[in-house]
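Below, each chain spelled out in residue letters.
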Amino acid sequence: MSELEKPHQGVGQVTAYFINNAQLTSLIIVGLAIFGLLAATLTPKEENPQIVVPAADVVLRYPGASAEVVEKTLITPVEAKLRELTGIDHIYSVAQASGGLITVQYEVGENWEDSLFKLQNHLFSHPELFPPGASYQVQPVIIDDVPIVTLTLTGADYSDDQLRRVGERLLEDLRSLPNTANLTLVGGHPRTIRVDLDPERLASYGLSPTQVAQRIAAENLQLPAGDVEVGSRQIRLEGGQRLASAEDVAAIQNQAGGLSQRCSQRAG
C-alpha cells in the first residue's frame, strides 16, 4: 500500500465506524442539536452589547458670539487642551452662534468614571480657556440610551413651526407615561425672541450684555419638582416657568447700582 492511500484509508475507517454504529451516530446528532438549541436560547442577547466606550460631550455657551468667534476663541483652545489627556481616541467639535459642542471619545476599555473625572478636572483647572461670559458643561454619553419608539409628525397644510408646536404638546403628554426615560424633540424651527439692546442705555445703568443674557437665562428656567400618582396616571410636576412671549422678556427686572430697570427689547 502506498503512502498516499493511508490517509484515505483512515478517513474511510472512521466513516465506516459511524455507518456501522447507526444508533451512536443518531445519539451524537441529537445531542448536538439539543446543545445548539440550548445555546441559542440561554445565551444572553442585547441590542447594544455592554462594550465600554467612554465618551462625553462638552457643551459650550458663549451668548452673543458668532460661530466664527466661538470656533477661534473657545473651541480651538479647549480642544487643544483636551488633547493633552491620555487615552483619547477621537475628538469631534462643532461651532454655532452663541455656543458649540465638543465630543470626546476615549479608547475602548478605558475606565468610564475615571475618564469623565479627568475631563472635568482638566477643564476646571484651566479657567483661562474661557473668555468672559463663556461657560461649559460636561455631559456623559451613554451608548445604552437608544430610542425604542420614534414618532414622525407630518402635515401638508402645516409649516415646520406649527408641526413643532404640535410635537411640543405631544411631548408633554408622553412625559406622563410611567417608566419613560428621555424624550427629545428633533426638527422644526423653535420659537425665538430676539432682544435688541441699546448700548447707551446699558451704559447709563451700568449693565453689560452678558449681565442681561445671564438674567434672562436665570428667568427662563423650568425644573422638575417630582411626580404625583393619581390613580393609574402619573403627573410630572415642574417649578418655574419658561419665557413664552416678548412681553415676558420685557417684564424681567435687572439689578444694577441699586436701580431696578426693565429690559428694553424688541421681538423679532
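Each value, and the rule that gives it
Residues numbered from 1 in each chain as written. Predicted model: local features only at pLDDT ≥ 70, side-chain atom pairs only at ≥ 80, totals over all residues. Heavy atoms only, no water. Helix = DSSP H or I, 4+ residues; strand = E, 2+ residues; numbered from the N terminus. Buried < 20%, exposed > 50% of the residue type's maximum accessible area, 1.4 Å probe, protein only. Contact = heavy atoms within 4.5 Å. Areas by Shrake-Rupley, 256 points an atom, 1.4 Å probe, with all protein chains shown as cover. Core = buried A, V, L, I, M, F, W, Y, C linked by side-chain atoms within 4.5 Å. Salt bridge = Lys/Arg side-chain N within 4 Å of Asp/Glu carboxyl O. Phe/Tyr/Trp six-rings, centres within 6.5 Å; stacked < 30°, edge-to-face > 60°. Pairing = 2+ DSSP bridges. Axes fitted to C-alpha atoms, helices over the stretch in contact; angles between N-to-C directions. pLDDT = per-residue confidence, 0-100. Polar contact = N/O pair within 3.5 Å; in protein donor to acceptor, adjacent residues only side chain to side chain.

**What to know about the overall build of the protein chain**
A tally of regular secondary structure across the protein chain gives eight helices and eight strands. Burial analysis of the protein chain (268 residues in total) assigns 18% to the buried set. Contacts in the protein chain between residues far apart in sequence, at least 24 positions, make up 56% of those at least 6 positions apart. Carbon and sulfur atoms provide 56% of the accessible area of the protein chain, an area that totals close to 19200 Å².

**Quick notes on the nonpolar core**
With 22 residues, the main nonpolar core has Leu82, Ile102 and Leu119 as its most contacted residues. When contributions to this core are tallied by element, the ones reaching two or more residues are strand E1 (55–61), helix H3 (67–82), strand E2 (88–96), strand E3 (99–106) and helix H4 (112–124). For this core, the element with the most residues is H3, which contributes five residues. Once residues within four sequence positions are removed from consideration, Leu82 is found in contact with Val58, Ile88, Ile91, Ile102, Val104, Leu119 and Leu123.

**Some words on the pattern of salt bridges**
According to the stated counting rule, one finds five salt bridges in the structure shown. A salt bridge links Arg164 to Glu168; the nearest nitrogen and oxygen atoms lie 3.7 Å apart. Placement of both Arg164 and Glu168 in helix H5 (residues 160–175) is noted, with a separation of four residues, approximately one turn of the helix. The exposure class assigned to Arg164 is buried, which follows from its relative accessible area of 15%. Glu168 gets classed as partly exposed once you look at its relative accessible area, which sits at 32%. Residues joined by salt bridges that share partners form a network here, namely Arg164, Arg165 and Glu168.

**Focus: the side chain of Lys81**
Position of Lys81 among the secondary structure elements: in helix H3. Setting aside residues up to four positions removed in sequence, Lys81 forms contacts with His122, His126 and Leu129.

**A look at the packing of aromatic side chains**
In total, this model carries one aromatic pair according to the counting rule given. Seen in terms of ring centroids, Phe130 and Tyr136 are 4.8 Å apart; in terms of plane orientation they differ by 15 degrees. Their pairing is stacked. By relative accessible area, Phe130 is classed as buried at 12%. Look at Tyr136 and you get partly exposed, because its relative accessible area is 22%.

**Digging into the sheet that holds strand E4 (residues 135–140)**
Strand order in the open sheet formed by four strands is E2-E3-E1-E4, with antiparallel pairing between adjacent strands. The sheet terminates laterally at E2 and E4, the two strands that pair on one side only. When the angles between neighbouring strand axes are averaged without regard to direction, this sheet yields 15 degrees. In this structure, E1 lies alongside E4, joined through six bridges in antiparallel fashion. Within E4, the position partnered with Asp57 by the bridge is Gln139. Sheet strands in contact with H3 are E1, E2 and E3, and its direction is about 165 degrees off that of E2. Most of the contacts of H4 go to E4, to which it runs at about 175 degrees, and overall it touches E1, E3 and E4.

**Some points on the confidence of the model for the protein chain**
Mean pLDDT over the protein chain works out to 78, with 81% of the residues at or above the 70 mark. Below pLDDT 50 for its whole length, residues 255–268 participates in 39 contacts with residues either more than four positions away or in separate chains.

**Describing the side chain of His126**
Its place among the elements puts His126 in the loop between H4 and E4. Polar side-chain contacts of His126 include one of 3.0 Å to the side chain of Glu128.

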